[in-house]
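Chain and residue survey
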Amino acid sequence: MLLSGKLNKIRTFALLLIFLGVGIMYIGFAIPSWMVVFFILGLLTVCASVGIYFWIGMLSLQSVSVECPECKKQTKLLGKRDECSHCRAILSLDPKDAPGAPPKTVN
């Protein structure tokens, strides 16, 4: 369940940025004359990842924690509609998205 829920998707992106930054730094060994440039680009990529981790940590502190009705585990919602981090069930804070609610018609 690596890509379930908005918080986990952003965290996965930040982790990929770290690997990309380290990979960019290793390219510098192949081209020694450009090693400083690749090191700086890799370092900026890793710093961007740290910034994303900090930002998503702040969002995680402010998000609403709910119990998933399907798997009965605690998960956090980012926004009004999100997926469960454990079972990928669609969760919503909006009552009109509630399952089993009759669709409202406008006359």
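The protein chain appears in an unreviewed UniProt entry as Zinc ribbon protein from Baia soyae.

Right, let's get into the overall build of the protein chain. When helices and strands are counted, the protein chain shows two helices and four strands. What you see in the protein chain, going N to C, is helices and strands ordered as α-α-β-β-β-β. Considering the protein chain as a whole, with its 107 residues, one finds that 27% of them fall into the buried category. In the protein chain, once contacts between residues fewer than 6 apart in sequence are set aside, the share between residues at least 24 apart is 39%. Summing over all exposed atoms, the protein chain offers an accessible surface of approximately 7,700 Å²; the carbon and sulfur share of this is 70%.

Owing to its 3.6 residues per turn, the α-helix aligns residues three or four sequence positions apart on the same side. Across its 25 residues, helix α1 (residues 6–30) extends 37 Å between first and last C-alpha, which sits within 8% of the 36 Å expected from 1.5 Å per residue. Buried within α1 are the following residues: L7, N8, I10, T12, A14, L17, G21, I24 and G28. In this structure, the buried side of α1 is in contact with α2 (35–62) and β2 (74–77).

On to the pattern of salt bridges, then. Summed over the entire model, instances satisfying the criterion amount to one salt bridge. Ionic pairing is found between E83 and R88, a salt bridge with its closest N-O pair at 4.0 Å.

Calculation criteria
Residues numbered from 1 in each chain as written. Predicted model: local features only at pLDDT ≥ 70, side-chain atom pairs only at ≥ 80, totals over all residues. Heavy atoms only, no water. Helix = DSSP H or I, 4+ residues; strand = E, 2+ residues; numbered from the N terminus. Buried < 20%, exposed > 50% of the residue type's maximum accessible area, 1.4 Å probe, protein only. Contact = heavy atoms within 4.5 Å. Areas by Shrake-Rupley, 256 points an atom, 1.4 Å probe, with all protein chains shown as cover. Expected span 1.5 Å × (residues − 1). Salt bridge = Lys/Arg side-chain N within 4 Å of Asp/Glu carboxyl O.

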